[in-house]
Each structure stands twice: as C-alpha cells, then as structure tokens.
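Overview (structure and organization)
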Amino acid sequence: MAADLDSYRDQFPVFERRTYVNSCSQGALARSVRGAMDAYLDGMDEFGSLWETWAGKQEEVRELLARTLGADVGEVAVTSSASAAVSAIASALFQGTRSKVVTTALEFPTIGQIWHAQEPRGVRVVHVPVDRDQHLDLRAMGDAIDDETALVSVTNICYRNGAMVDVPAVVALAHERGVPVLIDAYQAAGAVPIDFHEWGADFVVGGCLKYMLGVPGIGFALVNAATTSDLVPTSTGWFAARDIFSMDIYAYDPAKDARRFESGTPVVPSLFAVAEGLRLLLDVGVDRAWERSSALHDALREGIAALGGRVVTPAALHGPMIAVASTDDHALVHAMGEDGVVVSCRDGNVRISPHFYNNDADVESVLASLRRHAHLLA
Ligand SMILES: Cc1ncc(COP(=O)(O)O)c(C=O)c1O
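Report follows, based on the coordinates.

Thresholds, definitions, all that
- Residues numbered from 1 in each chain as written.
- Predicted model: local features only at pLDDT ≥ 70, side-chain atom pairs only at ≥ 80, totals over all residues.
- Heavy atoms only, no water.
- Helix = DSSP H or I, 4+ residues; strand = E, 2+ residues; numbered from the N terminus.
- Rg over C-alpha atoms; globule rule 2.2 N^0.38 Å.
- Buried < 20%, exposed > 50% of the residue type's maximum accessible area, 1.4 Å probe, protein only.
- Contact = heavy atoms within 4.5 Å.
- Areas by Shrake-Rupley, 256 points an atom, 1.4 Å probe, with all protein chains shown as cover.
- Lys, Arg positive; Asp, Glu negative; His and termini not counted.
- Charge placed at Lys NZ, Arg CZ, Asp CG, Glu CD.
- Patch = residues over 30% accessible without salt bridge, like charges linked within 9 Å, V, L, I, M, F, W, Y side chains within 5 Å.
- Salt bridge = Lys/Arg side-chain N within 4 Å of Asp/Glu carboxyl O.
- Arc of directions from axis to C-beta.
- Pairing = 2+ DSSP bridges.
- Right-handed = clockwise from strand over helix to strand, strands pointing away.
- Expected span 1.5 Å × (residues − 1).

Secondary structure summary: the protein chain contains eleven helices and twelve strands in total. Relative to the globule expectation of 21 Å for 378 residues, the C-alpha radius of gyration of the protein chain, 21 Å, shows essentially globular dimensions. For the protein chain, the spread of C-alpha atoms along the three principal axes comes to 65 × 60 × 40 Å. Within the span of the protein chain, comprising 378 residues, buried residues form 56% of the whole. Long-range pairs, those at least 24 residues apart, make up 72% of the contacts in the protein chain between residues at least 6 apart in sequence. When the accessible surface of the protein chain is totalled, it reaches about 15800 Å², and 52% of it is carbon and sulfur. Of the charged side chains in the protein chain, 30 are positive and 49 negative; the average position of the first set lies 4 Å away from that of the second.

Let us look at a negative patch on the surface. On the surface, a cluster of negative charge is made up of Asp38, Asp42, Asp45 and Glu46. Mapped onto the fold, Asp45 is located in helix H1 (residues 31-47).

When helix H6 (residues 167-176) is considered as a whole, its buried residues turn out to be Val167, Val170, Val171, Leu173 and Ala174. Buried residues of H6 fall within an arc of 160° about the axis and therefore sit on the same side. Two residues or fewer after H6 comes Gly178, characterised by a positive phi angle close to 75°.

Moving on: unusual backbone geometry. The backbone of Phe94 shows a phi angle near 65°, a positive value even though the residue is not glycine. Mapped onto the elements, Phe94 comes out in the loop between helix H3 (82-92) and strand S3 (100-104). Here Phe94 falls in the buried class, since its relative accessible area comes to 15%.

This paragraph deals with the pattern of salt bridges. Summed over all chains, the structure comprises 15 salt bridges. A salt bridge links Arg31 to Glu16, with the shortest nitrogen-to-oxygen separation between them at 3.1 Å. Of the two residues, Arg31 is situated in helix H1 and Glu16 in the segment before strand S1 (19-20); the sequence distance between them amounts to 15 residues. For Arg31, a relative accessible area of 45% corresponds to the partly exposed category. Taking relative accessible area as the criterion, Glu16 reaches 57% and is therefore assigned exposed.

Now for a nonpolar patch on the surface. A surface patch of nonpolar side chains, amounting to about 450 Å² of accessible area, comprises Trp51, Trp238, Phe245 and Met247. Following the sequence through the fold, Met247 ends up in the loop between strand S8 (219-223) and helix H8 (268-284). Given the relative accessible area of 55%, Met247 is considered exposed.

On strand S6 (residues 181-184), burial covers both faces: Val181 and Ile183 on one face and Leu182 and Asp184 on the other are all buried. As paired elements, strand S5 (residues 149-155) and S6 share four bridges and run parallel to each other. Looking at the pairing, Val152 lines up with Val181 of S6. The handedness of the S5 to S6 crossover, carried by H6, is right-handed. Across three bridges, S6 lies against strand S7 (residues 203-207) in parallel orientation. Its bridge partner lying in S7, Asp184 is registered against Val205.

Moving on to helix H11 (residues 360-372). Taking 1.5 Å as the rise per residue, H11 with 13 residues should run 18 Å; its terminal C-alpha atoms sit 18 Å apart, in good agreement. If you check which residues of H11 are buried, you get Asp362, Val363, Val366, Leu367, Ser369 and Leu370. Projected down its long axis, H11 shows its buried positions confined to an angular sector of 160°, all on one face. In H11, the exposed positions angled more than 90 degrees off the buried face are occupied by Asp360, Glu364, Arg371 and Arg372. Check the buried side of H11 and you find it contacts S1, helix H9 (286-306), helix H10 (329-338), strand S10 (341-342) and strand S12 (349-352).

Next up, the structure:
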C-alpha cells in the first residue's frame, strides 16, 4: 500500500528550515536524491571510472520516464535539457515545403527563441494570442494552422501564470489539418498526470528538475513512434547512433527509436539523481501529487482573494502554480524570503507552486507572509 502523503515530508530537509513552495523553479531535494549524487562521487573515488554503470543509469532514467509519462521506452530520448530536445527536433523539421511554426503567447522563452532561430532557414513563426483569462484562443489557433504549417508548438502549462492548455483539443485541431504537434510539458511533468499515448502528440518535451524531483542536467523528448519515424535530426552526436560504440567516423547511422534525438556524453551525475527522484515520484504517484497540489492551490486562491490580492492564474484549467499580481514582484519575493517563505516571480507576478510535500501549514505560512507584505500586492 502507498504511504500516507504527509509521511514523505521528512525526506526533504529544506522543510526543517523554510516554507518551500517553489517547485515550478526547482523541486525540493530529497535525501535519496542527494544520496544518489554521493553514490556517483563514491564510485569515482573507488573505481576511477564506471562506464557500464553510467550507461545503465541512462537506460534506468529512460525506463522511469516512460513509466511516469505513459510512453514506451523506445519513445523516450534522454537529453541534457528541454532546449536540447527541442533543438534536435527542430533540426529534423522543415525538410519539405512547409515552413511555418504555429506557437502561442504562453511559451517559455527557449521555445520561442528556438523557433525564431530557424528563421534563417526560411521558417516563419506565428504566435497565437491568449484571451483576457490567459487561455489560449483555440479558434485563432485553428485559423493559424494552414497548408504551410510544419509544426504546432504549444506549452501545456504556462510558466508565467499557470494557465493550462487543453492538449487533446490542440492535437485534434492540428492533426485534422495534417500537422504534427510538440507539447512543452515542463511545468506539468511530475505535477499533473500525463499519458503520452492518450494525448496523441507527436513530441512532448520537458525536464526533470522541477516537479520530477531531480537536479539540473536532464531533459527529455517523447517521440511518437507511429508518426515521426521519417524525421531524423541533423543536430546529433555519438549517443544518438544506432551502435554507440561502433566508433565509425565514415558514416551516420542514427538509432531508429527516440534515442536518435540524443547527442553526446550524458550528464551522468544528474542521471544518478534523477533516477532516485523519479523513483520517489512514482512511489508517491503523480495522481496523488496532483490531488494534493490542487487542494493547496484552491486554499491559496481563497486566502489570497480574502487578502484583496489579484490571482492571475485562471480559475478553470490551470496547473499547480498560482500567480499573484504584485506592484513589485522582486521586492515581494525578497520580503517573503525574509519570512522563510521561498517563492519566485515572473512578469510582475509572484509564483507559489505547491507539490505533494506541501501541506496546510505551508498555505498558512504563505498567507501570513502575504498579509504582512500586502502593500506589495497589486
Ligand atoms: C515551461 C518551460 N519550458 C522550458 C523550460 C526550459 O527548459 P531547459 O532549461 O531544460 O531548456 C522551462 C524552465 O523553466 C520551463 O518552465
């Protein structure tokens, strides 16, 4: 039987010192994740190099990601960041006559920047706007996808305000028009249940340092085996080769599965950490994490409204994070930090992002701090 959610809290030392509600930036560090990084270093001290264990870690992380995200193991590329995953995908696109990317106004900078970086290759980028409630305008999205469109690229949950996009609706709109879809699921992975096969997207990218409880250095691409087998990246490396140890410099023979979107030597210390983070997350269960963070999100929303604060995150269709408007978001993050409450900010809003390890007492601490600094609420 799965353990009670509150019993996991002791595994995160940060809670002995702070009210940590900043998982949209970085997940709290579990003792087991720290232990895994120590194990990597201990192995170096003991044996000097451990190639076989290291290669095994990459496969362990691939398998854990597949289980967490509802993908087949052969559909998972383990990369060094979400950006590396998207850049490898970009290098495989635009080989035909279609040269337009339809994306949104909700994207993380790296997504917009990578698509605009393709402009010298003849690519045109269109950003579909959001409505007043921060929701993607699906009608405008449908209108923007045309015969020239090579890809629809949409975030699942906006990093600025927590607005959630209805992924199956976007996939349906794009696929009806014969266009593949890339979903940036970084703010959802580990926080909200994701089933890659149910989504039906062609690519899903993200990374492991936030709600997946890992550390920097590991991203992923889920690559739909049924729809993308003809796409072969030109941004590549020896870890993308069919046989990594063929050591052939006279030919390019990429892996047939998602591994073809990988590149060079994996970020091995991070693989050790991420494997433990994912194991812990699977033990908790993303369903249960989402249930807990949704309840805390609602309690925060109610408390912030009672303080006269303005919640920017839409009331319907949102992720765990709640964004609150501030007259000086950096000053408010600093002031809350002085109270021992760790949050972050983007775009004039303070972001409070609960996960399964947070509880009602954390909500009280956040609200007490906001009350103390209410003059910084917009
Ligand atoms: C939604 C989203 N996409 C992409 C990224 C960037 O990922 P990476 O730094 O791994 O490229 C982030 C990081 O915060 C993010 O929140």
